[in-house]
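Remarks on the overall topology
For reference, the chains in residue letters:
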Amino acid sequence: MDYSLLWLDWKPKGLLPSYVNCICGLPATRQGKAAMRELISGLQAMGASPEICGSRSSVVPAITLKEYLGKDEKVCIRRCGDGIEISGTGQGLLYGVFRFLRHLAMGEEFPEWESSPAYPIRMLDHWDNADGSIERGYAGLSFFFVNGKPVCTERTRDYARLMASCGLNGCCINNVNVHGNALKLLTGSYKRELRRIAQCLAEYGVSLWLSVSFSAPMELGGLPTADPLDADVCQWWKDTCRQLFTSIPNLAGFLVKADSEGRPGPHSYGRSQAEGANMLADAVRPFGGRILWRCFVYYCTQDWRDTKTDRARAQCDHFAPLDGQFRENVYLQLKNGPVDFQIREPVSPLLGHLEHTASLMEFQIAQEYTGQQRHVCYLIPMFREILDFRFRSRPEKDKTSERISAICAVSNTGDDFNWTGHDLAAANFFGFGLLSWDPTADPEAIAKEWSILTFGDDPAVTETVTGILMRSRSVYEKYTSPLGIGWMCVPGTHYGPSPEGYEFDRWGTYLRANHLEIGVERGPEGTGYTEQYSPELAAMYRDIGTCPEELLLFFHRVPYAYRMKDGRTLLQRIYDDHFEGYEEAEAMSDAWDRLEGKLEDGVFRRVQERLRIQLRSAAEWRDVVNTWLYRLTMIPDEKGRKIYP
Ligand code: GCV
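Read on for a plain summary of the structure.

1. A few points about the site of the ligand
- Residues in close proximity to the ligand total 15 residues, the closest being Glu135, Lys257, Arg294, Lys335 and Glu368.
- At 2.6 Å from an oxygen atom of the ligand is found a side-chain nitrogen or oxygen belonging to Lys257.
- When the ligand is considered free in solution it has 340 Å² of accessible area, and contact with the protein chains removes 96% of it.
- A class-by-class count of the residues in the shell around the ligand yields 4 nonpolar, 3 polar and 8 charged.

If you want it as structure tokens, here you go:
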């Protein structure tokens, strides 16, 4: 096998309870059988010799598996005499078994557990292209597409196992930017391959989703238009869906990026986003299909001199007025912030406007703007913060986690040996799964569990790894873009510093810095973005005195001499953060070095190398950003540290 099994590489355990040697129950469904297989092989790997015991459960302590039919994914694990019983509805049994194995591997006393997932759709979106490359992929090539074709291999199965083991149940295998051969996924061309992938995923309760191009009726069907109100277009989609859904069991629906960054969409025909989404929703409905319609619609050919257009406003401006106009099987998929997966953004205000429309929160565990899996950046605390965010517009359904109906993340995997490029980035995959099941899960407990499952239970390792993960987001934030401003990265690649790289470009991502001030004014005197929130939040954000400091430069244009709450000037705070960020990155790297000999050598060296790359990059960020600000302002660092003028 040319890849690792990550947290599913169960390790031998010294002491196991006696009930692990007898398994009762004969699950009937495909997922139930997979659960049984996982239980047996997991227990064997931990050192047990489980036997299928049939009715002997009343005499011998045993693990009893009970499977109930249904779709709601409920799980229950409870003590049963001297043994335990794991029961689940639908694929719930599979989740119960993985949860049980994880606890056993952690060496913890098993708590009784009754749970069902917070969201019915918990998925990973791949930005894999048919040619095998991955847009914003940092862990090798695609394992879903090789040489222009979808493939199903042993790795596909192990990927499905990894997903199920942390509670995920959906996977969109191709890029939202649909190009080349990926267009043909809609036609019969790759039916056989797609069916195999779908079946393989289904065994582990994972549904298949496909990204489709809105103009497919023209690109594939030879029609002169893709107008969603055109009768031939509607018929083309209906016929295409009938063929596709009937030949691929387990196809759950389509993900669509329309009218976004040059992709075709209903706006080209003077139709609304709702008209576009609903047309597709009608075509997939007879097959129980759903449409995940992305809200990443903004004006991407802006002139930097235009200070009125604000990209952050775009989601709300386009979609809020359409609330209630979408079919029931449409989910609006919105990125967690109003712009684009920066290290710090406010929560997208659009969620506060969707009262009658299902929504799906899109996170990104591919670290496009957060170090590209060369830097360690554990994102689960940030996701938890976002899910806990309160809209303050009404007492019920106040939190992000309560307002959304489904959840997804852009995947961080590829065909690298360790799946995620940086070994520590796999914590984001695992953590996202756990959080999507239970949005109140504790990010630190997740980090600890992931570390023990992945690296074993040496307390020094667990403490160091958990410590690095938990500090990593703040460290990254300190040496990169300060206080919510974002966009200081190199254009195109989005790796490394270039403070003015995007300043005169067309993407609407400006810092607006001069020698006196920095930031975009988004209050009523500026772009008015603050007013897209509820009155209470708008009041908080628009007032520079009550605006959370970590978002100061997202919301306001601020003089460098502005006094922060702790008395430092804004400029000094930025200088300090950059020096501190570097020092903390150095401390993380040193902490890892002290683990030498405690980890498998390959893992130790790989992570060590990445932490050193991170350190060099942190120094570059520190020096480039500080120097740039020093040259703009000619105000020196109060502590007299070296800035390279
Ligand atoms: C898949 C950003 C990324 C693009 C990505 C886009 C999106 O702009 O840089 O690579 O395209 O977001 O989410 O559609």
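2. Brief notes about the packing of aromatic side chains
- On inspection of all chains with the given rule, the structure shows 34 aromatic pairs.
- With centroids separated by 5.0 Å and ring planes inclined at 85°, the aromatic side chains of Trp304 and Phe504 adopt a geometry described as edge-to-face. Here the residue Trp304 occupies a position in the loop between β13 (290-294) and α8 (314-319), and Phe504 occupies one in the loop between α13 (459-479) and β17 (517-518), the gap between them amounting to 200 residues.
- Both rings, one in Trp487 and one in Tyr502, keep their centres 5.5 Å apart while their planes meet at 90°; by these two values the pair is edge-to-face. With Trp487 in the loop between α13 and β17 and Tyr502 in the loop between α13 and β17, this residue pair connects regions lying 15 residues apart in the sequence.
- The class of Trp487 is buried, set by a relative accessible area of 7%.

3. So, the pairing of β13
- Of all 5 residues that make up β13, 4 are buried, and the element is covered over most of its length.
- Two strands pair when backbone bridges link them, and strand β12 (residues 251-256) and β13 are joined in this way by 4 bridges, in the parallel orientation. Along β13, the bridge assignment pairs Phe254 with Ile291.
- Between the parallel pair β12 and β13, the chain is carried across by helix α7 (residues 273-284), and the sense of this crossover is right-handed.
- When β13 meets strand β14 (residues 330-335), the two strands line up parallel, connected through 4 bridges. From the neighbouring strand, Leu292 faces β14, where its bridge partner is Tyr331.
- Tracing the backbone out of β13, into α8 and back to the parallel element β14 gives a crossover that is right-handed.

4. Re the sheet that holds strand β7 (residues 122-125)
- The parallel closed barrel is built from 8 strands, whose spatial order is β7-β10-β11-β12-β13-β14-β15-β16. Between one strand axis and the next, the sheet turns by 25° as a mean value, whatever way the strands run.
- Of the strand pairs in this sheet, β14 and strand β15 (residues 358-364) are connected by 5 bridges, and their pairing is parallel. In the sheet register, Leu334 faces β15, and the bridge partner there is Met361.
- Sheet contacts for helix α4 (residues 191-202): β10 (170-172) and β11 (207-212); angle to β11, the most-contacted strand, approximately 140°.
- Sitting on the sheet, helix α9 (residues 380-388) is in contact with β15 and β16 (406-410), with an inclination near 155° to β15.

Cut-offs used in this document
- Residues numbered from 1 in each chain as written.
- Predicted model: local features only at pLDDT ≥ 70, side-chain atom pairs only at ≥ 80, totals over all residues.
- Heavy atoms only, no water.
- Near = heavy atom within 4 Å.
- Polar contact = N/O pair within 3.5 Å; in protein donor to acceptor, adjacent residues only side chain to side chain.
- Areas by Shrake-Rupley, 256 points an atom, 1.4 Å probe, with all protein chains shown as cover.
- Nonpolar A, V, L, I, M, F, W, Y, C, P; charged D, E, K, R; others polar.
- Phe/Tyr/Trp six-rings, centres within 6.5 Å; stacked < 30°, edge-to-face > 60°.
- Helix = DSSP H or I, 4+ residues; strand = E, 2+ residues; numbered from the N terminus.
- Buried < 20%, exposed > 50% of the residue type's maximum accessible area, 1.4 Å probe, protein only.
- Pairing = 2+ DSSP bridges.
- Right-handed = clockwise from strand over helix to strand, strands pointing away.
- Axes fitted to C-alpha atoms, helices over the stretch in contact; angles between N-to-C directions.
- Contact = heavy atoms within 4.5 Å.

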